[in-house]
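The primary structure of each chain is shown beneath.
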Amino acid sequence: MFRGNSVSICLVSILSILIIAPVTLNSSKAELPDDTILEFDQADGLHFMDYINVSGSSSVPLNSVEISLWNVTATGQYDLLNSSSSLLSVTPFETDLGSTYWLWNHEFNHEDESCTCLVRISLLEQTDLKSYGLTIYLGPLNHRPVLMFSSESDQTSQIILGAQDVELRYDVLLPPTLFSLETNSNLDVLTTLSVCPAPFGICTDDYSPLTVLHELIDGELTLTMEALSIDLADGLYLVDFHVQSMSLKESNTLIQYLAVDRHPPNVTFSSISELLESETIIVDLNVDDGYEGSVYSITWTIIEPDGELRAVSSTEILDDNRLSFNAEKQGVYQIFGLIRDIGGNFVNVQQNVSVSNVEPQLDLRYDGFKISNNQTVTVKSTDEWCFSANQTTDTVNDIDSLQYNWFVDGKSLLSGRSYLVSSDIKTNDWEDITLTLTDNDGASSSITFSVEEQETQESSSFPSITIWTTLLFLLILSIIIIIRKKILTPQESDFVRWSDKKSYDE
């Protein structure tokens, strides 16, 4: 019969949690300290005929609490029988170390009630509503087994079945008998364990029973799931588990998740095999564990070209099983991936990536003009000059470690500087300059060029004097000529000059 609907699973899970102690419910209020402890002096399974008296201690004040009594006799039942907003008594005590704790006590009187019951204390004031419970039997009837997670197990943990057998431990409270409580420790129970496929937390098919071995000793039930005898494909399942006493009284049901993972995942490793220095190495892993909802972990390791073994940083791990990092060194990077699934199966994969060095590009300039190999550069002997290689390029990881070496006529002059000025050369008789550039991988390039000094001719003031003298002489001469011409020219009278008579008569 199909039992896998989400509503019933949630209700049964809540009931199962409420039956065991302690119980934690969520609230928007401030949280209690992590070391908060409220304990019962009584053990689970204690039998009260009519008068219930419980006590205990607390590490926090009990100013605002609620204590309640619930009937949980039937599967799915959770009926409130009694509640109080205060405890019967609370007494503070101080230890020798100066810390304070509080002793408390409370009573319920139910003469006509018979049930499997839960006493619960909830801390209310400025807390996230932490609750602590004690399971008891009240009266002579309506008692059933109570199945609880063992104190050694995590009730929220997932059962993982791989290649090895799995042992599960639970605490079982058996109802008291009218004859002797001591006989309960030797009684046996019937176990019923069923599973349904649930890749997304909800059953997608009917429950089917599983046969498991069990052993009950002093109230502790041990189940053994044998890997070889359980015929389940790898995947995620919901487990429905309860027990019955020999009188066929059925316990509550515990719901857990089961992951069956017996086979290693299939892994595909992909990456480029060759690239240049300072480029980004990207490695992709495609992992298929054979079923939906599988969980696995990847551990990356890198051996760099110099043999250094290192782990990867969080910034180098990307989403979708991708690794990305910068290739800063020349040589072969060895990249290892260890993939481990929740069943303990693992796969090792390796990828080698060859990284080639990028040679530096030497750029030498004089007065803004680029100098080529074997070129002759003319400079003025009287001027200060500078040959600069500041515009040289290389990969980001090499540019700051480039080594500059200057030679004059084959002899080493200086190193460690990207420019050369005229004052660096102390001799007068030289011709050729060589600049050698080397990166941290040993790759180098160089430029050799000749320098020709141009002598500046001494300028004379005589030509300038001669020109100005000539111009001045010509100017004076022109002035004299103009004046003389003006003086020698006859001045005409303003009066009309009459011609002689003879001419008139004629």
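Residues numbered from 1 in each chain as written. Predicted model: local features only at pLDDT ≥ 70, side-chain atom pairs only at ≥ 80, totals over all residues. Heavy atoms only, no water.

Participant: How should I be thinking about the sheet that holds strand S36 (residues 432-438) in this particular structure?
Facilitator: In spatial order, the strands read S31-S37-S36-S33-S34; together these five strands make up an open sheet with mixed pairing. The open sheet terminates on both sides in strands that have one partner only, identified here as strand S31 (376-380) and strand S34 (411-415). Across the sheet, the mean angle from the axis of one strand to that of its neighbour is 30 degrees, orientation sign disregarded. In this structure, strand S33 (residues 403-408) lies alongside S36, joined through six bridges in antiparallel fashion. Bridge assignment links Val408 to a residue of S36, and that residue is Ile433. (Pairing = 2+ DSSP bridges. Helix = DSSP H or I, 4+ residues; strand = E, 2+ residues; numbered from the N terminus. Axes fitted to C-alpha atoms, helices over the stretch in contact; angles between N-to-C directions.)

Participant: What is the right way to look at a nonpolar patch on the surface in this model?
Facilitator: Taken together, the side chains of Leu472, Leu475, Ile476, Ile479, Ile480, Ile483 and Ile487 present a nonpolar region at the surface, about 680 Å² in accessible area. Along the chain, Leu475 falls in helix H3 (residues 462-488). (Patch = residues over 30% accessible without salt bridge, like charges linked within 9 Å, V, L, I, M, F, W, Y side chains within 5 Å. Areas by Shrake-Rupley, 256 points an atom, 1.4 Å probe, with all protein chains shown as cover. Salt bridge = Lys/Arg side-chain N within 4 Å of Asp/Glu carboxyl O.)

Participant: What is the right way to look at the packing of aromatic side chains in this model?
Facilitator: In this description, an aromatic ring pair is defined by two values, namely the gap between the centres and the angle between the planes. Tallied over the full model, the rule gives eleven aromatic pairs. Measuring from centroid to centroid gives 6.0 Å for Phe149 and Tyr170, while their planes differ by 45 degrees, and the two rings are tilted. Of this pair, Phe149 sits in strand S11 (residues 146-149) while Tyr170 sits in strand S13 (residues 166-173), placing them 21 residues apart in sequence. Just as Phe149 is buried, Tyr170 falls in that class too. On the numbers, 5.7 Å between centres and 55 degrees between planes, the contact of Phe325 with Tyr333 is tilted. Judged by its relative accessible area of 3%, Phe325 falls in the buried class. For Tyr333, a relative accessible area of 1% translates into the label buried. (Phe/Tyr/Trp six-rings, centres within 6.5 Å; stacked < 30°, edge-to-face > 60°. Buried < 20%, exposed > 50% of the residue type's maximum accessible area, 1.4 Å probe, protein only.)

Participant: Whenever I open this one, the side chain of Ser58 confuses me. Can you help?
Facilitator: Mapped onto the secondary structure, Ser58 falls in strand S4 (residues 51-58). Since its relative accessible area comes to 3%, Ser58 is described here as buried. One polar contact links the side chain of Ser58 to the main-chain carbonyl oxygen of Val60, over a distance of 2.8 Å. If we skip the residues at most four places from it in the chain, Ser58 touches Ile37, Leu38, Tyr101, Trp102 and Trp104. (Polar contact = N/O pair within 3.5 Å; in protein donor to acceptor, adjacent residues only side chain to side chain. Contact = heavy atoms within 4.5 Å.)

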